[in-house]
Amino acid sequence: MSDAIWAISITWLFVFIYAILGSVDFGAGFWGLVYNPRERSRAGEIANRFLSPTWEVTNVFLVLLVVTIVAFFPRAIAPLGTGLLIPGSLVLILLTLRSAFMVFHYSALRFRSTLRIVSGVTGLLIPSLLVIALPILAGGFIDPETDRLLVGKLLSSPVTYAYLAFGLSSELFLSAAFLADYSREAEDSSAYAVFRKYALWLGPFTLATAVLTVYLMGRQAEWLRDHILEEQGWFLLSAIAFLLGYSALWWRRKHPERERGFPRVAFVCFILQFALASYAYGAAHLPYLVYPTLTVEESVTNPAMFDSLLISYAVGMAILVPGFIYFWRLFLKDKRYVGRG
Amino acid sequence: MDDLTIARTLFGSSLGFHIIFATLGVGLPLMIFVSEVFYQVTNDRRYTLMAKRWTKAQAILLGVAIPSGTIVAVQMSLLWPQFMEMVGEVIALPFQIELFAFFLEALFMSIYVYAADRLSPGLRILSVFLVAFGGSASAVLITSANAWMNTPTGFQPTEGGITGVRPWEAFFNPSFASSAFHVLISAYMTGAFVVASIAAYRLLRRKLSQSEIRYHHRALMMSLAIGGTMSLITAFTGHWAGQVLHDHQPEKLAAAEGLFETQSHAPLALGGIVDLDEQKITGAIEIPGLLSFLAGNRLDTVVKGLNDYPRDVWPPGYVHLLFNLMVGSGVLLILLSALAGWFGWRRKGDRLPQWLLWTLTSTGPLAVLAIEFGWIFTCSGRQPWTIYRFQRTADAATQAGDLWVWLVLFLSLYMLLLIATVVIMSSYFKRHPLAEELEAVVAEGNG
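These numbers were taken from a predicted model, which means no experiment stands behind them.

**Topic: the overall build of chain B**
Phase 1 of the analysis: From N to C terminus, chain B includes 16 helices and eight strands.
Phase 2 of the analysis: A globule of 447 residues ought to have a C-alpha radius of gyration of about 22 Å, and chain B, at 23 Å, matches this closely.
Phase 3 of the analysis: The principal-axis extent of the C-alpha atoms belonging to chain B is close to 75 × 45 × 40 Å.
Phase 4 of the analysis: Burial analysis of chain B (447 residues in total) assigns 50% to the buried set.
Phase 5 of the analysis: Across chain B, every contact between residues at least 6 apart in sequence was considered, and the portion connecting residues at least 24 apart equals 77%.

Structural data, given as structure tokens:
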């Protein structure tokens, strides 16, 4: 593999990790808004308990992604920075509000309802703005003369909304599946029932929006649609992973009194589903970073920097992975935290 | 304003805002760490209470530091795309490694804040140490990138591009060591003085119990000791950074000192306003020979003047003022901590006199201002370059228009956050008064 392919693969890995973590994180914010604490179900509380310690770490992955793109593809920064100025700046403003209120609510109870609204609303807006980068990169929405974004064209194009529907639906689907698993870990069957129900509804809907997006893509980015159809095999595997995970939500438990479903199996299958599909989407997007002006080969950094970066990744990950595992055990496994009620 | 000025104003405001929180995010964990260690040594539970209350403040500040840092990181690519292209090619390493430090800080901050009750004392100290270490490492790494902008190395310019990139040479560029040391120590200094300000302010209240006075007095003396020591070291590292300027960025030193003619026995100008058109400095007190001595340790060191360089690469004249304000604040901080130390030693654990406490409340804001002056000085003093003698700021800026919309939006956001931070801080500490927590701690200690 060439440097460029290595670089885009690592970048892809970070995009994927952030997509999953971000979906769960922003989705939990949204569910926290929908389920208010005064109601009988503890679903909202479960969502917020997960969110409190994790959002900072999730946020670092976003910065990691930006820095990785700058480091690996410096020659893409000028066109990307100019083209994505508007959605990028909006994301920053919303993200700042969200993060600030996240911390403030922990310190001052009277801001709790403001926080729920801020975190819930931004939980839908930020992912929308992030997913909008996909149709922009697929071409046709950046003025070739000035590199500026054609906002009117972007907003009047049906494919934009298909991407949006797909993005939001995936976000809520993944977070519902995750929170179902988290509720099971917390042994809270009412919250589990709520999130399982949403996952069951959102799963097929997500699949439908994906098909719609590919269909509408034909008008705007024919090249990408054609490439995607060539990757059919991967998408088929992705669909199988989905069906397997979906069925896991129906499997019966040994103890008849417990709710149906194996949410851990389901969530792992869904991650696999998204991994396969986004790998296929990424492969179909090659060789372009931004169609039609920028390929990965043209924008990759020099070999000396590339080698140093790889070494720094290896060392950095070796130091951080134990930290992540410790973190996971404290907040996602430890019954004293998860099941606290 | 033209787009370039707006871009600079916008990015400058983002940095100026972030620096306050970032600096405290480096300085406060050191204070928390020190008081956790003090507790282990003295077994006095008041120190854990100090650590606990400062951690609360730190967690609130982090709520602004993390997103404002995210803004700076992303806005750099959005506003200065051509500059970031060079960053990616030559100086990507410190940014990349900084992220790992950032991860370490975020992970263990969450652990320290949300899981404190489940950690053993050893693990608690380790967690807060890793938070402090992550913050300090971030400061050093980011300074490496900024130092590279001042003294770029590790590549050869060619027609329309660069070649022969040596990433580690860029990382350890000539001004890295002096700048990083200066930034790190001054952040420790600022964290300590902000704590000192608050403790001094609390001691001014009339109705205080004996145990509250002892608590605040201890916090005050501890933070003044750390702040005073750090401000002294900051002065030495600043002197070192000045000598690096003399060797590697002479026009910046000339502008900082308002020196137009190249000369030996160059005088040091204190105060005054530099007029670039008239080529003179008015209202300054000049100390003969001192600039030469500071720049090269000898009175006959030849210091370059601005006239040796073409007019269009001169930094703006106001950097002299910024430089003086930075140095002046630093000197004042050293004197104030020495004064307070002398009084504290004479009074042996009694409250300091009212007038001195009043004066000491100014140390925190003064330290923050000194940091701001310093950063504005180093970045305006580099103008018109964004990468010294390689890329002009005008050539680095984005081509996207209508930037004023973002300027208005982001400035409003910063105002909102500043107000929110103050409101949240005061409301939290009002609901958790020291007297109550102190009583609980003392009761626990006796029981």
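**With respect to the overall build of chain A**
Phase 1 of the analysis: Counting secondary structure elements, chain A contains 15 helices and two strands.
Phase 2 of the analysis: A compact globule built from 341 residues would reach a C-alpha radius of gyration of about 20 Å, and chain A, at 21 Å, matches this within 12%.
Phase 3 of the analysis: Referenced to the eigenvectors of the C-alpha coordinate spread, the extents of chain A come out at roughly 60 × 40 × 40 Å.
Phase 4 of the analysis: For chain A, the proportion of its 341 residues judged to be buried stands at 52%.

**Some words on the interface of chain B and chain A**
Phase 1 of the analysis: Contact residues are listed per partner, giving 56 residues for chain B and 50 residues for chain A.
Phase 2 of the analysis: Partitioned by chemical class, the residues of the side of chain B that touches chain A number 39 nonpolar, twelve polar and five charged.

**As for helix α9 (residues 250-257) of chain B**
Residues spaced three or four apart along an α-helix point in a common direction, a consequence of the helix completing one turn every 3.6 residues.
Residue and element names in this part refer to chain B.
Phase 1 of the analysis: The buried fraction of α9 amounts to seven of the eight residues, a majority that puts the element mostly inside the structure.
Phase 2 of the analysis: Regarding α9, the residues found buried are Glu251, Lys252, Leu253, Ala254, Ala255, Ala256 and Glu257.
Phase 3 of the analysis: Buried residues in α9 make contact with α8 (210-248), β3 (268-270), α10 (290-296) and α11 (319-347).
Phase 4 of the analysis: Immediately downstream of α9, the backbone of Gly258 shows phi near 60°, a positive value.

**Structural notes on the nonpolar core**
Phase 1 of the analysis: A:Val70, A:Ala176, A:Ala177 and A:Phe195 are the most contacted members of the largest nonpolar core, which totals 251 residues.
Phase 2 of the analysis: Among the elements that line this core, the one with the most residues is helix α2 (residues 45-79) of chain B, at 18 residues.
Phase 3 of the analysis: The contact partners of A:Val70, leaving out residues within four places of it in the chain, are A:Ile77, B:Ser77, B:Met84, B:Val87, B:Gly88, B:Ala92 and B:Phe95.

**Here we look at the confidence of the model for chain B**
Phase 1 of the analysis: Chain-level statistics for chain B give a pLDDT mean of 87 and a share of 99% at 70 or above.
Phase 2 of the analysis: Two summary scores accompany this predicted model of the complex, namely pTM at 0.84 and ipTM at 0.78.

**What about the packing of helix α1 (residues 3-42) of chain B against helix α15 (residues 403-431) of chain B?**
Residue and element names in this part refer to chain B.
Phase 1 of the analysis: It is at 9 Å that the axes of α1 and α15 come closest, and there the two elements cross at 20°. Taken together, the axis directions place α1 and α15 in an arrangement best described as roughly parallel. Here α1 runs over α15; the crossing is left-handed. Counted together, Asp3, Ile6, Ala7, Thr9, Leu10, Ser13, Ser14 and Phe17 of α1 and Leu403, Trp404, Trp406, Leu407, Phe410, Leu411 and Tyr414 of α15 form the full contact between these two elements.
Phase 2 of the analysis: A per-class count over the contact of α1 with α15 returns eleven nonpolar, three polar and one charged.

**A closer look at the environment of B:Leu336**
All names here are of chain B.
Phase 1 of the analysis: Turning to its location among the elements, Leu336 is positioned in helix α11.
Phase 2 of the analysis: Classification of Leu336 as buried rests on a count of 22 C-beta atoms within 10 Å.
Phase 3 of the analysis: Beyond its immediate sequence surroundings of up to four residues, Leu336 is in contact with Thr359, Leu360 and Thr363.

**A closer look at unusual backbone geometry**
Phase 1 of the analysis: Residue A:Pro287 is bonded to the preceding A:Leu286 through a cis peptide linkage, with omega at 5°.
Phase 2 of the analysis: Note that the residue after A:Tyr291, namely A:Pro292, is joined by a cis bond; omega there is -5°.
Phase 3 of the analysis: Summarising the element assignment, A:Pro292 is placed in the loop between β1 (288-290) and β2 (294-295).
Phase 4 of the analysis: If you check the backbone angles, B:His265 has positive phi at about 50° while not being a glycine.
Phase 5 of the analysis: Note that B:His265 resides in the loop between α9 and β3.
Phase 6 of the analysis: Classification of B:His265 as partly exposed rests on a count of 16 C-beta atoms within 10 Å.
Phase 7 of the analysis: With phi around 55°, B:Gln279 is a residue other than glycine that occupies positive phi space.
Phase 8 of the analysis: Here B:Gln279 is to be found in the loop between β4 (273-275) and β5 (280-282).
Phase 9 of the analysis: Taking the C-beta count within 10 Å as the criterion, B:Gln279 has 13 such neighbours and is therefore assigned partly exposed.

**Considerations on the environment of B:Leu123**
Residue and element names in this part refer to chain B.
Phase 1 of the analysis: Structurally, the position occupied by Leu123 is in helix α5 (residues 121-150).
Phase 2 of the analysis: When the 15 C-beta atoms within 10 Å are taken as the criterion, Leu123 is described as partly exposed.
Phase 3 of the analysis: Each C-alpha atom, one on Leu123 and one on Tyr112, is 9.1 Å from the other, the two residues being eleven residues apart in sequence.

**Concerning the packing of α1(B) against helix α13 (residues 363-380) of chain B**
Residues and elements named next belong to chain B.
Phase 1 of the analysis: Contact geometry of α1 with α13 gives a least axis separation of 10 Å together with a crossing angle of 135°. With respect to their mutual orientation, α1 and α13 come out oblique. Crossing hand, α1 versus α13: right-handed. Every residue of α13 that contacts α1 at Leu15, Gly16, Ile19, Ile20 and Thr23 is listed here: Val368, Ile371, Glu372 and Trp375.

**Concerning the environment of B:Ser426**
Phase 1 of the analysis: Locating B:Ser426 in the fold gives a position in helix α15.
Phase 2 of the analysis: Separated by 369 residues in sequence, B:Ser426 and B:Ala57 place their C-alpha atoms 10.0 Å apart.

The rules behind each value
- Residues numbered from 1 in each chain as written.
- Chains lettered and ligands numbered in written order.
- Predicted model: local features only at pLDDT ≥ 70, side-chain atom pairs only at ≥ 80, totals over all residues.
- Helix = DSSP H or I, 4+ residues; strand = E, 2+ residues; numbered from the N terminus.
- Rg over C-alpha atoms; globule rule 2.2 N^0.38 Å.
- Buried ≥ 20, exposed ≤ 12 C-beta atoms within 10 Å, placed from the backbone.
- Contact = placed C-beta atoms within 7 Å.
- Nonpolar A, V, L, I, M, F, W, Y, C, P; charged D, E, K, R; others polar.
- Core = buried A, V, L, I, M, F, W, Y, C linked by C-beta atoms within 7 Å.
- pLDDT = per-residue confidence, 0-100.
- Axes fitted to C-alpha atoms, helices over the stretch in contact; angles between N-to-C directions.
- Parallel < 35°, antiparallel > 145°, perpendicular 65-115°, else oblique.
- Left-handed = near helix turned anticlockwise from the far one by under 90°.

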